[in-house]
Amino acid sequence: GAVVSQHPSWVICKSGTSVKIECRSLDFQATTMFWYRQFPKQSLMLMATSNEGSKATYEQGVEKDKFLINHASLTLSTLTVTSAHPEDSSFYICSATGGQLKDTQYFGPGTRLTVL
Amino acid sequence: GEDVEQSLFLSVREGDSSVINCTYTDSSSTYLYWYKQEPGAGLQLLTYIFSNMDMKQDQRLTVLLNKKDKHLSLRIADTQTGDSAIYFCAENTDKLIFGTGTRLQVFP
């Protein structure tokens, strides 16, 4: 199996608050997890890569203090959007490797964040 | 550079075949993938092909790989309305590089 879940599936928050999104691999141990952001009608933009027990590697232009990533176990990674602003509104998708097919990323269902 | 390109839109009649094309740039990719994304959902892995293969068939899906031209295609036989979605090709280098996505619309 290679099932990845995300929670919540959607969230609406006020500007200035922080939001945490969870990504879980349900039936496999995820050696690596990835966080993507997707704008409407666009492709996915990789934000960061995280390995269990180590600091995430952020892509150029992604603020690590704004998008906090924690990968505390082999089945859970969290993305916290700190002091969210309307421009942070987006669709956030996680993925994980470690499933049936080596090095293949299996994606979660995504989280729609709307910041008012 | 790392550019994966796809045509933006494809419209087909139900029952016909659909062919979605993709060109990539990195010849060192081990795998090439096709993902499907339905509205408001994540990406579903449809199929993949090893870089040392030319063709792979999986039920209604046929993937063709032309390494010389760095061209990848996905053919969907007997296209159904449930196939309407956005299809992304992707190559893996040190990270996954996605194409721009092709929106497939199937009409009755």
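Residues numbered from 1 in each chain as written. Chains lettered and ligands numbered in written order. Predicted model: local features only at pLDDT ≥ 70, side-chain atom pairs only at ≥ 80, totals over all residues. Heavy atoms only, no water.

Helices and strands together make up the secondary structure of chain B, namely zero helices and eleven strands. Mapped from its N terminus to its C terminus, chain B presents α and β elements in the order β-β-β-β-β-β-β-β-β-β-β. Relative to its length of 108 residues, chain B is compact, with a C-alpha radius of gyration of 13 Å against a globular reference of 13 Å. Buried positions account for 44% of the 108 residues belonging to chain B. By sequence separation, contacts in chain B at least 24 residues apart represent 53% of the contacts at least 6 residues apart. In the structure as shown, chain B presents an accessible area of about 5,300 Å², 47% of it carried by carbon and sulfur atoms. (Helix = DSSP H or I, 4+ residues; strand = E, 2+ residues; numbered from the N terminus. Rg over C-alpha atoms; globule rule 2.2 N^0.38 Å. Buried < 20%, exposed > 50% of the residue type's maximum accessible area, 1.4 Å probe, protein only. Contact = heavy atoms within 4.5 Å. Areas by Shrake-Rupley, 256 points an atom, 1.4 Å probe, with all protein chains shown as cover.)

A word on the state of the cysteines. All names here are of chain A. In this structure the tally under the stated criterion is two disulfides over all chains. There is a disulfide in this structure between C23 and C94, and the S-S distance comes to 2.0 Å. Its S-S torsion of approximately 80° makes the covalent link between C23 and C94 right-handed. With C23 in strand 3 (residues 19–25) and C94 in strand 9 (residues 90–97), the pair connects residues that are 71 residues apart, well separated along the chain. (Disulfide = S-S within 2.5 Å.)

Listed by partner, the interface residues are 17 residues for chain B and 19 residues for chain A. At the boundary of chain B with chain A, total buried surface from both sides reaches about 1,300 Å², with 58% on carbon and sulfur atoms. When residues of chain B are sorted by the area they lose upon contact with chain A, L43(B), K95(B) and F98(B) head the list and together hold 29% of the total. Here chain B and chain A share one salt bridge between them. The partner of E59(A) in a salt bridge is K95(B), with the nearest N and O atoms 2.6 Å apart. For the interface between chain B and chain A, the tally reads six residue pairs in polar contact (both at pLDDT 80 or more). Counting residues per element, the ones that place at least two in the side of chain B that touches chain A are strand 4 (31–37), strand 5 (43–50) and strand 10 (96–98) of chain B. (Buried area = accessible area lost by both parts, 1.4 Å probe. Salt bridge = Lys/Arg side-chain N within 4 Å of Asp/Glu carboxyl O. Polar contact = N/O pair within 3.5 Å; in protein donor to acceptor, adjacent residues only side chain to side chain.)

The subject of this paragraph is the pairing of strand 1 (residues 4–7) of chain A. All names here are of chain A. By the alternation rule, side chains of strand 1 split into V4 and Q6, which are all buried, and S5 and H7, of which none is buried. Bridge analysis of strand 1 against strand 3 gives four bridges, and the strand direction is antiparallel. Directly across from Q6, in strand 3, lies its bridge partner C23. (Pairing = 2+ DSSP bridges.)

Moving on, we come to the packing of aromatic side chains. Taken as a whole and assessed by the stated rule, the structure comprises 13 aromatic pairs over all chains. Centre to centre, the rings of F107(A) and F98(B) are 5.8 Å apart; their planes meet at 70°, and the pair counts as edge-to-face. Separated into two different chains, F107(A) in strand 10 (residues 106–107) and F98(B) in strand 10 make up a pair that spans both. Neither residue differs from the other here; F107(A) and F98(B) are each classed as buried. For the pair Y31(B) and Y48(B), a centre-to-centre distance of 5.9 Å together with 75° between the ring planes defines the contact as edge-to-face. Of the two residues, Y31(B) sits in strand 4 while Y48(B) sits in strand 5, which places them 17 residues apart along the sequence. Looking at Y31(B), the relative accessible area reads 9%, which means it is buried. On the basis of relative accessibility, which here comes to 22%, the residue Y48(B) falls in the partly exposed class. (Phe/Tyr/Trp six-rings, centres within 6.5 Å; stacked < 30°, edge-to-face > 60°.)

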